[in-house]
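# Understanding the architecture of this molecule
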Amino acid sequence: MNNDRQKKHRSWVDYVLVSSIFTLTVLIGIFIFTNGDSKFQSSISAKTKGEIVNDTQKLLSETKSEFEDIQIVTETSEDPTMPYTLYYPKTKFEQVNKEISQYITKSKENYFNAVRLYKNAHPDKDVVGKYQLFLDIHEHNNSYYSIVFKNKLTVDQANYDISYQTYIFNNHSGELVSTYQLFNQKTENLEVFSKYVKNQLTKNLGKNVYTDKLDSSTAPYWKNYKRLAIINDRLVVYYNSGEIADPSAGTPTVIVPMSYLNPILADSFRTSAISTETIIPVKPTGTGKRVALTFDDGPHEKVTRQILKTLNKYDAKATFFMVGRRVPNNTKLVKDIYNSGHEIGNHTWNHPKLTSLTSKQVMSQLDSTDDAIYKAIGQYPTVFRPPYGAKNKRVTDLIDVPVVMWTIDTLDWKHRNANKLLPMVKNNLHNNAIILMHDIHQSTADGLDSVLAYLQKEGYECVTVSEILASQK
Ligand code: ZN
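Residues numbered from 1 in each chain as written. Predicted model: local features only at pLDDT ≥ 70, side-chain atom pairs only at ≥ 80, totals over all residues. Heavy atoms only, no water.

Let us now look at the packing of helix 13 (residues 418–426) against helix 14 (residues 442–457). Packing of helix 13 against helix 14 brings their axes to within 7 Å, and their N-to-C directions diverge by 40°. On the basis of the axis angle, helix 13 is oblique to helix 14. Here helix 13 and helix 14 pass one another in a crossing that is right-handed. Contacts from Ala-418, Leu-421, Leu-422, Val-425 and Lys-426 in helix 13 reach Ser-443, Thr-444, Asp-446, Gly-447, Leu-448, Ser-450, Val-451 and Tyr-454 in helix 14. (Axes fitted to C-alpha atoms, helices over the stretch in contact; angles between N-to-C directions. Helix = DSSP H or I, 4+ residues; strand = E, 2+ residues; numbered from the N terminus. Parallel < 35°, antiparallel > 145°, perpendicular 65-115°, else oblique. Left-handed = near helix turned anticlockwise from the far one by under 90°. Contact = heavy atoms within 4.5 Å.)

So, about the sheet that holds strand 7 (residues 228–231). Read from one edge of the open sheet, 3 strands run 7-8-9, paired in antiparallel fashion. Only two strands of the sheet have a single neighbouring strand rather than two, namely strand 7 and strand 9 (253–257). Strand-to-strand twist across the sheet, computed as the mean angle between neighbouring axes with direction ignored, equals 20°. Strands in contact with helix 5 (residues 187–205) are strand 8 (234–238) and strand 9; relative to strand 9, the strand with the most contacts, it is inclined by about 125°. (Pairing = 2+ DSSP bridges.)

Before going further, it helps to examine the coordination of the zinc ion. Tetrahedral coordination by four donors puts the ideal angle at the metal at 109.5 degrees, and octahedral coordination by six puts it at 90 or 180 degrees. Protein coordination at the zinc ion comes from Asp-297 (OD), His-347 (NE2) and His-351 (NE2), with a distance range of 2.1 Å. Sequence spacing among the residues donating to the zinc ion works out to D-x49-H-x3-H. Here His-347 and His-351 have matching classes, each one buried. (Donors = N, O, S within 2.8 Å, 3.2 Å for Na, K, Ca; no water. Buried < 20%, exposed > 50% of the residue type's maximum accessible area, 1.4 Å probe, protein only.)

With respect to the helices, strands and loops of the structure, Ser-259 is situated in helix 7 (residues 258–261). For the pair formed by Ser-259 and Thr-278, sequence separation is 19 residues and the distance between their alpha carbons is 7.2 Å. For Ser-259, the residues in contact, after removing those within four places along its chain, are Thr-271, Ala-273, Ile-274, Ser-275 and Thr-278.

Here we take up the nonpolar core. Counting residues in each nonpolar core, the largest one holds 38 residues, and the members touching the most others are Leu-293, Phe-295, Leu-311, Leu-452 and Leu-455. In terms of residue count, the dominant contributor to this core is helix 14 (6 residues). Dropping the residues within four chain positions of it, Leu-452 is found in contact with Leu-293, Thr-310, Leu-311, Tyr-314, Ala-316 and Cys-462. Tyr-196, Ile-230, Phe-269 and Ile-279 belong to the second-largest nonpolar core, a separate cluster that totals 32 residues. (Core = buried A, V, L, I, M, F, W, Y, C linked by side-chain atoms within 4.5 Å.)

In this section: the packing of aromatic side chains. If you walk through the whole model with that rule in mind, you get 18 aromatic pairs. Plain terms: the ring middles of Tyr-196 and Tyr-260 are 5.3 Å apart, the flat faces sit at 45° to each other, and that makes the pair tilted. Remark: Tyr-260 occurs in helix 7 and Tyr-196 occurs in helix 5; sequence separation between them is 64 residues. With respect to burial, Tyr-196 and Tyr-260 carry one shared label: buried. Seen from the ring of Tyr-160, Lys-152 lies directly overhead, with NZ or CZ sitting 4.3 Å from the centre. (Phe/Tyr/Trp six-rings, centres within 6.5 Å; stacked < 30°, edge-to-face > 60°. Lys NZ or Arg CZ within 6 Å of the ring centre and 35° of its normal.)

What follows is about the pattern of salt bridges. Using the criterion set out here, one finds 13 salt bridges in the structure. With a closest N to O distance of 2.6 Å, Glu-75 and Lys-108 form a salt bridge. With Glu-75 in strand 2 (residues 71–77) and Lys-108 in helix 3 (residues 94–121), this pair connects stretches of sequence that are 33 residues apart. The exposure class assigned to Glu-75 is buried, which follows from its relative accessible area of 2%. Residue classification places Lys-108 among the buried residues on the basis of a relative accessible area of 6%. Arg-305 is paired through a salt bridge with Asp-336; the nearest N and O atoms lie 2.9 Å apart. With a gap of 31 residues between them, Arg-305 in helix 8 (residues 301–313) and Asp-336 in helix 9 (residues 331–339) connect regions that are remote in the sequence. By relative accessible area, Arg-305 is classed as partly exposed at 27%. Because the salt bridges share partners, they merge into one network encompassing Glu-301, Arg-305, Lys-332 and Asp-336. (Salt bridge = Lys/Arg side-chain N within 4 Å of Asp/Glu carboxyl O.)

The subject of this paragraph is unusual backbone geometry. Of note, the bond from Gly-298 into Pro-299 is cis; its omega dihedral lies within 30 degrees of zero at 0°. By the secondary structure assignment, Pro-299 is in the loop between strand 10 (289–296) and helix 8. One non-glycine residue, Asp-315, lies in the positive phi region at around 50°. If you trace the backbone, Asp-315 turns up in the loop between helix 8 and strand 11 (318–322). Of note in the backbone geometry, Thr-348 takes a positive phi value of approximately 75° without being a glycine. Overall, the relative accessible area of 0% leaves Thr-348 in the buried class.

Following this line, the structure appears as structure tokens:
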């Protein structure tokens, strides 16, 4: 996307950090030694004035934009050491203008501080900074404007740093739109989206990627998805240089057609363009026969591995209801299960009968397992199954994912006989069956191949329990 391939100079970033800490310390100091708000206020404004003393020679001018309700402000300064050129919009909405103006002020201060710190660190050098703020405005569905700011900041001439900031707002009401609103206020939509973004970035960035930073920056938290814009019916996600990949990779972006995202967008953002494929694949319903294979009580390094291999051989998807305490020692296995497209469910931390526990104890069983699974795969389990099938209203009310039982019990835990697995399935088989097995018994792993061969011959597709549940809604 971007041809800015110069190496980012890192040292000034450290100085900015040190300076921020110092500034914060000073402010805390002022706060502690000041009684009464008014004095505190005046100390702060005096300090702010001092900070932007180099900003006195700024020049402002306004021009029309291609949108009649937006003016473009050009702000320049010919300061000998800290010159800058900024372009930003002036809208008819006070709230939007205020947000943007706060951002501009903060950005300029960052720049001034960065130059000062660099100058202090290199007193022998003739330091001249350069700061440019570029502006892009796009309209979507005649209702939303996306504002994209691109910051290009230089303190030592040879190296520069590029970062982005975006705003989306309703051009009738002036309301700023959050990603939470964009994705219809549903965390599961963000989860689908974040998975897609992470896959795209992994693919596009190749060996340049910083894996840890990518993992944390793309995790499904709303705060991770703040730099978005809608441009020409596409959603664009921005990353700064050096944020998730080596700066030589430029500023990574993920660009997704809105039509592909339609199923996870709030109504007013959906596009009328039709996409044959969407981010949520639509399975043909009513055509083939389907079953959900479920495996409880694992993961087990040997047995689950073998089951995984057999499932992959038949391209069958299954659901693994995991016991939380077994997850931390098998994170690689859990990742492999998840990455093969299987579903992961919560089966409590150590398999107690939940109806005999207090609500607090039930919550602890659920939460610790959720956390262990999240740590392993970066996603929370999407379904739950109570040990022994023991549940009541009090227990199920505490669980915020579907509680899934079964329709065929293979009794594999009882007979422990590989040859008995197929007859148990065969004699009870029906469309949309949910089949209970356990991935801690070697006999189950050994008998699975014949079950899958039979299901395939009979025209059954093996899907996750969530897919069965979705088709029955
Ligand atoms: Zn169990």
